[in-house]
Amino acid sequence: MPTPSMEDYLERIYILIEEKGYARVSDIAEALEVHPSSVTKMVQKLDKSDYLIYERYRGLILTAKGKKVGKRLVYRHELLEDFLRLIGVDNTHIYRDVEGIEHHLSWDAIDRIGDLVQYFQESEGRVKQLREIQKRNEDH
Ligand SMILES: [Mn+2]
């Protein structure tokens with residue numbers, strides 16, 4: 001099991017590779033706002049745990065295991081953003097809130113949140129009802 005910090009790196013590396021085709025240590029450092037030496041250390045750790053293969057001058061590639069986990073982590077982040085948006089959380093809080101909770105929920109909880117998001121997405125009326133309750137609560 002990757003640690004929360006390993007998860008942050010894998011998630012970011014997966015996104016960088018999706019978007020640019022590669023992930024350089026400097027890009028990862030910039031995206032995560034950490035020192036490049038921290039990235040090198042973590043990348044070596046991820047290599048040891050078989051999430052990726054890192055060669056100093058050739059860059060890094062995700063293994064099948066790294067791709068699978070990275071994809072799941074990106075899905076989890078996006079699902080939690082959808083969830084918070086859906087329940088009416090203000091956009092200015094969403095990214096930070098997701099970063100704060102994403103590592104601390106079980107995959108069971110993630111899947112149940114997925115059900116709930118689907119429940120609302122399947123019917124616009126359900127979202128409307130929720131907004132009505134929220135409006136009522138605000139008025140009090
Ligand atoms: Mn995240």
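Structure shown above.
Residues numbered from 1 in each chain as written. Predicted model: local features only at pLDDT ≥ 70, side-chain atom pairs only at ≥ 80, totals over all residues. Heavy atoms only, no water.

Participant: Pulling in residues and values, what's your account of the packing of helix α2 (residues 25-32) against helix α3 (residues 36-48)?
Facilitator: As a packed pair, α2 and α3 sit with axes 9 Å apart at the nearest point and diverge in direction by 110°. In this view, α2 runs roughly perpendicular relative to α3, as classed from their interaxial angle. Considering only the axes of α2 and α3, their crossing is right-handed. Facing α2, whose interface residues are Val25, Ile28 and Ala29, α3 presents Pro36, Val39 and Thr40. Taken together, the residues that form the contact of α2 with α3 break down as 5 nonpolar, 1 polar and no charged. (Axes fitted to C-alpha atoms, helices over the stretch in contact; angles between N-to-C directions. Helix = DSSP H or I, 4+ residues; strand = E, 2+ residues; numbered from the N terminus. Parallel < 35°, antiparallel > 145°, perpendicular 65-115°, else oblique. Left-handed = near helix turned anticlockwise from the far one by under 90°. Contact = heavy atoms within 4.5 Å. Nonpolar A, V, L, I, M, F, W, Y, C, P; charged D, E, K, R; others polar.)

Participant: Break down the coordination of the manganese ion for me, citing the residues and quoting the values.
Facilitator: For the manganese ion, the full set of protein donor atoms is Glu11 (OE), Glu11 (OE), His77 (ND1), Glu99 (OE), Glu102 (OE) and Glu102 (OE), and the range of their distances to it is 2.2 to 2.7 Å. Around the manganese ion sit 6 donor atoms; with metal-centred angles ranging over 50 to 148°, the donor geometry is irregular. In the primary sequence, the donor residues of the manganese ion line up as E-x65-H-x21-E-x2-E. Pair noted here: Glu11 is in helix α1 (residues 4-20) and His77 is in helix α4 (residues 64-86), with a separation of 66 residues, a long-range link. (Donors = N, O, S within 2.8 Å, 3.2 Å for Na, K, Ca; no water. Tetrahedral: all angles 85-135°; square planar, octahedral: opposite > 155°, others 65-115°.)

Participant: Could you give me a rundown of the packing of aromatic side chains, with the residues and numbers involved?
Facilitator: Here the distance between the centres and the angle between the planes together describe a pair of aromatic rings. On inspection of all chains with the given rule, the structure shows 1 aromatic pair. Their ring planes at 85° and their centres at 5.4 Å tell us that Tyr119 and Phe120 sit as a pair that is edge-to-face. Taking the ring centre of Tyr51 as reference, the NZ or CZ of Lys65 above it sits at 4.4 Å. Between the NZ or CZ atom of Arg126 and the centre of the ring of Tyr119, over which it lies, the distance is 4.0 Å. (Phe/Tyr/Trp six-rings, centres within 6.5 Å; stacked < 30°, edge-to-face > 60°. Lys NZ or Arg CZ within 6 Å of the ring centre and 35° of its normal.)

Participant: Go over the layout of surface pockets with me, naming the residues and quoting the values.
Facilitator: Its volume calculated, the largest pocket comes out at about 200 Å³. Every residue along the wall of the largest pocket is listed here: Ser5, Asp8, Tyr9, Glu11, Arg12, Ala31, Leu32, Glu33, Val34, Tyr95 and Glu99. For the lining of the largest pocket, the secondary-structure elements that each account for two or more residues are α1, α2 and α5 (91-101). Ranked by residues supplied to the lining of the largest pocket, first place goes to α1 with 5 residues. For the lining of the largest pocket, the class distribution of residues is 5 nonpolar, 1 polar and 5 charged. (1 Å grid on protein atoms, 1.4 Å probe; cavity = no way out; pocket = protein on both sides within 12 Å on 5 of 7 lines; lining within 4 Å. Points joined across faces, edges and corners; volume = space filled by probe spheres on them.)

Participant: Give me the nonpolar core: which residues, what numbers.
Facilitator: Burial of nonpolar side chains together is a common tendency in soluble globular proteins. One finds Tyr9, Ile13, Ile28, Val39, Leu46, Leu52 and Leu60 to be the most contacted residues of the largest nonpolar core, which totals 22 residues. Put simply, the parts of the chain that give this core at least two residues each are α1, α2, α3, β1 (52-55), β2 (59-62) and α4. Broken down by element, the residue count for this core peaks at 7 residues, all from α1. For Leu46, the contacting residues outside a window of four places in its chain are Met6, Tyr9, Leu10, Ile13, Tyr51 and Leu52. (Core = buried A, V, L, I, M, F, W, Y, C linked by side-chain atoms within 4.5 Å. Buried < 20%, exposed > 50% of the residue type's maximum accessible area, 1.4 Å probe, protein only.)

Participant: Quick one: what's the story with the pattern of salt bridges, residue by residue and with numbers?
Facilitator: Per the stated rule, a full pass over the model turns up 8 salt bridges. Its salt-bridge partner being Arg76, residue Glu7 comes within 2.8 Å of it at the nearest N-O pair. You can see Glu7 sitting in helix α1 and its partner Arg76 sitting in helix α4, a full 69 residues away along the chain. Each member of the pair, Glu7 as well as Arg76, is classed as buried. Residues Asp139 and Lys135 are paired through a salt bridge, measuring 3.8 Å at the closest nitrogen-oxygen approach. (Salt bridge = Lys/Arg side-chain N within 4 Å of Asp/Glu carboxyl O.)

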